[in-house]
Every structure is written in C-alpha cells, then in structure tokens.
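Report on the structure
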Amino acid sequence: MGSFKLTTLTFFLTLSICVGYGQTEKDNENSDELKILKNIKPLNYLTQNVKTVKLPQRKYDPSFFCIEMIDYKKGFIINSITSYPTGRKVEFNTKFFYYNPIDKSIKKISISKADTIEAIICSENISYCSYIKNGKRDIGYFKNNQYESLIDKASTDIRKHLDSAKWIKLGIENNRLFILSPNYLFRLSNKHWDIMTTYSLDDFYIKTLKYRRSISMLPTKNIVIKSNSVYFLQEVVDSVSC
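Residues numbered from 1 in each chain as written. Predicted model: local features only at pLDDT ≥ 70, side-chain atom pairs only at ≥ 80, totals over all residues. Heavy atoms only, no water.

Section: the overall build of the protein chain
What the protein chain contains, in helices and strands, is four helices and 15 strands. Relative to its 242 residues, the protein chain shows a buried fraction of 41%. Taking the intrachain contacts of the protein chain between residues at least 6 apart in sequence as the baseline, contacts between residues at least 24 apart amount to 48%. (Helix = DSSP H or I, 4+ residues; strand = E, 2+ residues; numbered from the N terminus. Buried < 20%, exposed > 50% of the residue type's maximum accessible area, 1.4 Å probe, protein only. Contact = heavy atoms within 4.5 Å.)

Right, dumping it as structure tokens:
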C-alpha cells in the first residue's frame, strides 16, 4: 500500500456560547467547543474574486438551496442537503438539481435506479455518482447518457464495506476517482480499486475531540485532492433545513 497523507480539514459551527448563567470556569474548560478548537489548525488563504452565479427565484420549492455548485457541461449541478438530529446521530436528505443558465431552468436530478443520490462529481462531460438502492450502494458514471457501474470491479471486501458505510463522498484528480468513507480512502484508476489508507473518523470525534454530540457525518462538499493530500469539509450542526 503506497503512502498517502490524509488531511482532515474540518470546520465547525459553534452553536452554543460558553458564558451562560451558572456555568463555572471548569465547565468552560471542558466544553466541547474548546476541545475542538484546540485541535483546529489555522488556515492560510489568498483573497481573490469568487465566481458567482445568479439563480432565478423559486417560490414553491423549499428544498432548493445551494450548499455546493459543480460545473457540468454548460451549467451547474447544485447540491442541496438537509440535516436533522436524531439522538446522537444526524440524518441527511440529499437533493441535486441542474441549473441551465441559457434558459434559466432548474430541474431536479433523479436516477431511476436510486432511492438516494449521495454524491455527484464531474470531469468534463462525465459525471460520477454514488447512490443507494434498497440498502445497496453503487458507484459509477454517466457518459453520453449511458450509465456504467464501477463497483463490480471492486473486491468482495471493498464492496462489503461500501454497502455498510454510513456515507460516501467523491473526489477526482487526473481522471482518477477517490472515494472517502468514515474508515477508508479508496482510489479508482482504470477501473482498478486500491485502498489508499484506513482510519476512523468516529474514533477521532470520540477519543481525540471527546465530542459527545455526534460522530462523523456526510461531508458537505466533494473532497479535494492536492499535493498528495485529501481535503474535505465536515460540519457539526444542530440542523440544516429549509
């Protein structure tokens, strides 16, 4: 197995303020927020103009809002995710839309075989996706309106993990597809699957951060591969709904 550095780029939405009435200094020191902040490293960034897209107003579709925009053909795929807490777990509902800036139309993306579309990432005119049908996960791509599954090329152990993983997120670099789960990073190149590294995001939340509110959740955006590292955005929230 080749060496591969896994870098977790994590942003947290702090939803409570540790200055409430009756809260002691010791409570503040042991708060989840302070424990998390101690493990966050500063991020250096360059200020530059960001490309913006004006979307047409939609009055009767409350599930439509933009978490992520993905270039595809002459338009954009829009990722809309709603999340809601259920005890210690956070459940997600994913929806994807395609925006055509030429005729200003917005259409919901659906796959006839899918109960849930989990992730979409595009490279030129090819779109890769992860979806779930009847509890089984498939990963494949659309090209010229034809779909081809890639999961049948994976080993039995990899397929078993992909079916049981809580979530999957995708990334692409130089025509190689990367698949991130809470425990593995896979690379798919020329239809050949490799395990790049193993880890446990849940252990990181529980043992390192001592975070008691939730464990690892579906990253908000697709993963980014750069300089032999993987970056992804994972938010801790009470709820994101519309």
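Here we look at the nonpolar core
Counting residues in hydrophobic clusters, the biggest one holds 19 residues, and the most contacted among them are Y128, L162, L170, L177, I179 and W193. For this core, the secondary-structure elements that each account for two or more residues are β6 (116-123), β7 (126-133), β8 (136-143), α3 (156-164), β11 (176-180) and β12 (184-189). Excluding residues within four positions of it along the chain, I179 makes contact with I139, L162, I168, K169, L170, Y184, L185, F186, L188 and W193. W167, M196, I223 and V230 belong to the second largest nonpolar core, which has 13 residues in total. (Core = buried A, V, L, I, M, F, W, Y, C linked by side-chain atoms within 4.5 Å.)

Things to note about the packing of aromatic side chains
Inspection of every chain in the model, using the stated rule, returns six aromatic pairs. For the pair Y72 and Y98, a centre-to-centre distance of 6.2 Å together with 85° between the ring planes defines the contact as edge-to-face. Here the residue Y72 occupies a position in strand β2 (residues 68-72), and Y98 occupies one in strand β4 (residues 89-100), the gap between them amounting to 26 residues. The class of Y98 is partly exposed, set by a relative accessible area of 23%. Where Y128 meets Y141, the ring centres are 5.8 Å apart and the plane angle is 50°; that geometry is what we call tilted. Of this pair, Y128 sits in strand β7 while Y141 sits in strand β8, and the two are 13 residues apart along the sequence. Given the relative accessible area of 16%, Y141 is considered buried. Here the aromatic residues Y131, F142 and Y147 are joined through ring pairs into a cluster of three or more. (Phe/Tyr/Trp six-rings, centres within 6.5 Å; stacked < 30°, edge-to-face > 60°.)

Considering helix α4 (residues 201-208)
Of the residues making up α4, those classed as buried are L201, D202 and Y205. For α4, the angular spread of buried residues about the axis comes to 115°, placing them on one side. Once α4 ends, the next one or two residues include K210, with phi positive near 55°. (Arc of directions from axis to C-beta.)

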